[in-house]
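Secondary and tertiary structure notes
If you want the building blocks of each chain, they are given just below.
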Amino acid sequence: MKKLFVASLILSLSGAVFAAEPTAQQNKMKTCNADAAGKKGDERKAFMKECLSAKPAAAEAPKLTQQDKMKKCNADATGKKGDERKAFMKECLSSK
């Protein structure tokens, strides 16, 4: 009896853990499905295929680390001196 209780407890807890947060694929499916509203038949099928196979936009443009940004701004600031360099570096490092 105890084994049955423990087994059912483990199964119910593991189901709650897995159901807690949707995966990236589930989020993508949800977004594509919402965007496909109003489309029917072959048009919807083609749209869903294209939408689900598309790469995320964030993967195309990786974000620079602070160290990489510093290197790039430093290289771009060559030839600038004093207040001009200081203002340029401030602007360059604060931009996204």
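Just above, that's the structure.
Residues numbered from 1 in each chain as written. Predicted model: local features only at pLDDT ≥ 70, side-chain atom pairs only at ≥ 80, totals over all residues. Heavy atoms only, no water.

Here's the deal with the overall build of the protein
As a reminder of what qualifies: Only DSSP runs of H or I reaching four residues or more are called helices, and only runs of E reaching two or more are called strands; each is numbered from the N terminus. Type-normalised accessible area, obtained with a 1.4 Å probe on protein chains alone, sets the label of each residue: buried when under 20%, exposed when over 50%, and partly exposed for intermediate values. In what follows, a contact means two residues having at least one pair of non-hydrogen atoms within 4.5 Å. Surface accessibility in these figures is a Shrake-Rupley result with a 1.4 Å probe; residues are shielded only by whichever protein chains are displayed.
Broken down by element type, the protein carries 6 helices and 0 strands. Shown N-terminal to C-terminal, the secondary structure of the protein runs as helices and strands in the order α-α-α-α-α-α. Looking at the protein as a whole, 9% of its 96 residues are labelled buried. Summarising the internal contacts of the protein: among those between residues at least 6 apart in sequence, 21% fall at separations of at least 24. Carbon and sulfur atoms provide 62% of the accessible area of the protein, an area that totals close to 8600 Å².

A look at the pattern of salt bridges
Our working definition: By convention in these notes, a salt bridge is any Lys or Arg side-chain nitrogen within 4 Å of a carboxyl oxygen on Asp or Glu.
In this structure the tally under the stated criterion is 1 salt bridge. Ionic pairing is found between aspartate 76 and lysine 72, a salt bridge with its closest N-O pair at 3.0 Å. Taken together, the residues aspartate 76 and lysine 72, both in helix α5 (residues 66–76) and 4 residues apart, mark about one turn of the helix. On the basis of relative accessibility, which here comes to 37%, the residue aspartate 76 falls in the partly exposed class. In this structure lysine 72 comes out as partly exposed when scored by relative accessible area, which is 46%.

Don't take any of this as a statement about function, it's just geometry.
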